[in-house]
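Reading the structure
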Amino acid sequence: MERLGLGPDQIFKVNPCLIYARLTGYGQYGELSQKAGHDINYISYSGVLSCLGRFSEKPYAPINLIADFAGGGLMCALAIVTSLFERQTKGINEKVIDLSMVEGAAYLSSWLWTSRDIPGVWSGTERGNNLLDGGFAPYETYKTKDGKYVACGSLEPAFYNQLLEGLQFPEDKVVTKEALEEIFKTKTRHEWEEIFKKLDACVSPVLELDEAPIHPHNKERTSFLQMSDGSCLPSMNWLNQSTKNQNFEIPMIGQHTTKILNDFGYTDQDIEVFLKEGVCQDSKNLKSKL
């Protein structure tokens, strides 16, 4: 950004109240700062990846949610919001945020470090052999008769007892993963859902992406948006209730360029020059590169 004349020093001369956020994989300094990477690399350096996976198996990366979206985008947005509050309440200006996705992922996962001394949570240093990562039979996913899955989170005694009741688990049998696997395979996912509707055992269906938007609870809360093409996306109705019962479409890159620049006071002639010089893009002039 400095090469473009848009670094913090240049920007703050124009407006010292701006908050300058830099989000990168490894940060602005350090021996890795110039190296390329992806989510899997960032969580490997954060220590988090070493905790993810089944017992006696290699670590696995949970898609790219931890570093890219949670430790990266979400943490950066939080840093900007807190900096805005800091500016408003303490008058602190010229704030530069240097967030690496390694640090964001690690901070997001602080509990992995702070919970080490909690009895019963960790059995040692081996992943997949602990209370919440697959080492405890009542906290696990299980395959059902129809090839689908249920999620079982019966940690506390009250939920655990309700689990045994719903499964009609034999009193003389030891609760193991193998025993639960055998029982869950005797009924379909829907049948188990109906059984546990009447109980509070923390047992739920593992819904597919196309099933979640049409689940009665999610429909009642409008948890997903109906797009103009019939597809669905998660909503933010919990933040803005006025968006309920509206249809949305994902904008194309540059779809609102002209309108936004007009709102900032640029004329159509100015915008035409910007488009010709490649300063900005308009969706009408874009050609697919696929």
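Provided above is the structure to which this section pertains.
So, how was this worked out
- Residues numbered from 1 in each chain as written.
- Predicted model: local features only at pLDDT ≥ 70, side-chain atom pairs only at ≥ 80, totals over all residues.
- Heavy atoms only, no water.
- Axes fitted to C-alpha atoms, helices over the stretch in contact; angles between N-to-C directions.
- Helix = DSSP H or I, 4+ residues; strand = E, 2+ residues; numbered from the N terminus.
- Parallel < 35°, antiparallel > 145°, perpendicular 65-115°, else oblique.
- Contact = heavy atoms within 4.5 Å.
- Pairing = 2+ DSSP bridges.
- Buried < 20%, exposed > 50% of the residue type's maximum accessible area, 1.4 Å probe, protein only.
- Polar contact = N/O pair within 3.5 Å; in protein donor to acceptor, adjacent residues only side chain to side chain.

Comments concerning the packing of helix α3 (residues 65-90) against helix α4 (residues 101-108)
Remark: α3 packs on α4, axes separated minimally by 8 Å, with the N-to-C direction vectors making an angle of 90°. By the criterion of interaxial angle, the relationship of α3 to α4 is roughly perpendicular. Across from I66, A67, D68, A70, G71, G72 and M75 in α3, the residues of α4 making contact are M101, G104, A105, Y107 and L108.

What about the sheet that holds strand β5 (residues 203-205)?
Across a sheet, strands are paired by hydrogen bonds formed along the backbone, either parallel or antiparallel in direction. Taken in spatial order, the 3 strands make up an open sheet running β3-β4-β5, and their pairing is antiparallel. One side of each edge strand has no neighbouring strand; the edge strands of this open sheet are β3 (139-143) and β5. Mean inter-strand twist for the sheet, computed between neighbouring axes without regard to direction, equals 20°. In the sheet, strand β4 (residues 149-153) pairs with β5 via 3 bridges, with the strands oriented antiparallel. Across the sheet, C152 pairs through a bridge with V203, a residue of β5.

Let's talk about the pairing of β3
Only one face of β3 is covered, namely the one carrying E140 and Y142; the face carrying Y139, T141 and K143 has none of its residues buried. Pairing of β3 with β4, which is carried by 5 bridges, proceeds in the antiparallel orientation. Each bridged residue has a counterpart across the sheet, and for K143 the counterpart in β4 is Y149. Joining the antiparallel neighbours β3 and β4 is a turn of 5 residues, in which G147 adopts a positive phi near 85°.

Considerations on the environment of P62
Following the sequence through the fold, P62 ends up in the loop between α2 (39-46) and α3. Residues P62 and L52 lie 10 residues apart in sequence; the distance between their C-alpha atoms is 8.1 Å. Each residue touching P62, except ones within four places of it in the same chain, is listed here: I43 and L52.

Structural notes on the side chain of N130
As for its placement among the helices and strands, N130 is situated in the loop between α5 (111-114) and β3. One polar contact links the side chain of N130 to the main-chain amide nitrogen of S123, over a distance of 2.6 Å. Setting aside its immediate chain neighbours within four residues, N130 contacts V121, W122, S123, G124, G135 and F136.

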